[in-house]
Amino acid sequence: MKIIACVKQVPDTVEIKIDKETGTLIRDNVPAIMNPFDAYAVEEGILIKEKCGGSLSVITMGPVQAKDVLYEAYSVGADSLIHVCDRAFKGSDTFATAQILAAAIRKIGNVDLILCGKQAIDGDTAQVGPEIAEILGIPHVAYVKKIREVNEKYIICERMVETGVEILKIQLPAMLTVLKDINTPRLPSFKLKRKAKEQVIPMWGLNDLGIDESAVGLEGSPTMVLRTFTPQVKGGCRILSGTSEEQIDEILDIVNNLD
């Protein structure tokens, strides 16, 4: 079975800064990590590979330093790594990103299963995985919490919905976006961690993927950021004193005089 896990490098900080002109995140000089939800996608790919045989390729799109998350994936058992990187991709929204990743997956070819984390913690849109599937024309299931059965023809899985759990059987090839409930990611192997830096990672850009420049980056992104702002911090407290009865009377007086 040929499995692909898509991973993303995200800022490891809550102090996010926004470019006021483009509305995009400023990632320069910000510590970065693998998107936590993607670690579960990588682990599930390894578990399926161990059960059914085959290979796991891990792909990321991002700047040069994003290769660090590929090294991390290799250290837990990924077989091959692919880095999608081009300055033209800067500023791509979820739709443009999905177009780029779908082109990379087509280039790999004959893929049976694509796995993504349910969402990235920097954007929280949960859109890229399903968009990739729609572009590729394959079935997809979001919010998968458990895989009951998997073989070379189909997967039976459980997914979370508002009212409980759905059990679905889908034909391969397919796309799944997974929740953290699905597994517990393994610790990296020290041996593989050392070996990871020796890997020659192919870097695919615009020309390698056969994508028109107008379809990526800010120009190819239909999402329009109208305004970005940092909310003003507001707060305060009022300490009440006196007996319990006096405090209750004071609270009622405050509530009754609210606008």
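Just above, that's the structure.
Draft legend 1. Structural view of helix H2 (residues 67–75). Of the positions making up H2, those classed as buried are Val69, Leu70, Tyr71, Ala73, Tyr74 and Ser75. Glycine 77 sits one or two residues past H2 and shows a positive phi near 130 degrees.

Draft legend 2. Here's a closer look at unusual backbone geometry. Geometrically, the link from leucine 172 to proline 173 is a cis peptide bond, its omega value of 5 degrees lying close to zero. Tracing the backbone shows proline 173 in the loop between strand S9 (164–171) and strand S10 (174–178). At aspartate 124, a position not held by glycine, the phi torsion is positive, near 60 degrees. Considering the arrangement of structural elements, one finds aspartate 124 in the loop between strand S6 (113–117) and helix H4 (128–136). A positive phi angle is found at tyrosine 143, which is not glycine, with a value near 60 degrees.

Draft legend 3. Looking closely at the side chain of asparagine 183. You can see asparagine 183 is positioned in the loop between S10 and helix H5 (190–196). Asparagine 183 gets classed as buried once you look at its relative accessible area, which sits at 11%. Within the structure, asparagine 183 has its side chain in polar contact with the backbone oxygen of tyrosine 40 (distance 3.1 Å).

Draft legend 4. Focus on the sheet that holds strand S5 (residues 80–84). If you walk across this open sheet you meet the nine strands as S9-S8-S7-S10-S6-S1-S4-S5-S11, and the pairing is mixed. With partners counted over all chains shown, the strands left at the sheet margins are S9 and strand S11 (203–204), one partner each. Packed on one face of the sheet, helix H1 (residues 36–52) meets strand S1 (2–7), strand S4 (55–61), S6, strand S7 (140–150) and S10 and runs near 150 degrees to S6. Helix H3 (residues 94–108) rests against S1, S4, S5, S6 and S11 of the sheet, and its axis sits at about 145 degrees to S4.

Draft legend 5. The environment of lysine 180, seen in detail. Structurally, lysine 180 can be placed in the loop between S10 and H5. Placed 169 residues apart in sequence, lysine 180 and proline 11 show a C-alpha to C-alpha distance of 19 Å.

Draft legend 6. Looking closely at the packing of aromatic side chains. Under the criterion given, the structure shown has zero aromatic pairs. Lying over the aromatic face of tryptophan 204, lysine 107 brings its terminal NZ or CZ to 5.1 Å of the ring centre. Directly above the ring of tyrosine 154 sits lysine 169, whose terminal nitrogen or CZ lies 4.1 Å from the centroid.

Basis of the calculations
- Residues numbered from 1 in each chain as written.
- Predicted model: local features only at pLDDT ≥ 70, side-chain atom pairs only at ≥ 80, totals over all residues.
- Heavy atoms only, no water.
- Buried < 20%, exposed > 50% of the residue type's maximum accessible area, 1.4 Å probe, protein only.
- Helix = DSSP H or I, 4+ residues; strand = E, 2+ residues; numbered from the N terminus.
- Polar contact = N/O pair within 3.5 Å; in protein donor to acceptor, adjacent residues only side chain to side chain.
- Pairing = 2+ DSSP bridges.
- Contact = heavy atoms within 4.5 Å.
- Axes fitted to C-alpha atoms, helices over the stretch in contact; angles between N-to-C directions.
- Phe/Tyr/Trp six-rings, centres within 6.5 Å; stacked < 30°, edge-to-face > 60°.
- Lys NZ or Arg CZ within 6 Å of the ring centre and 35° of its normal.

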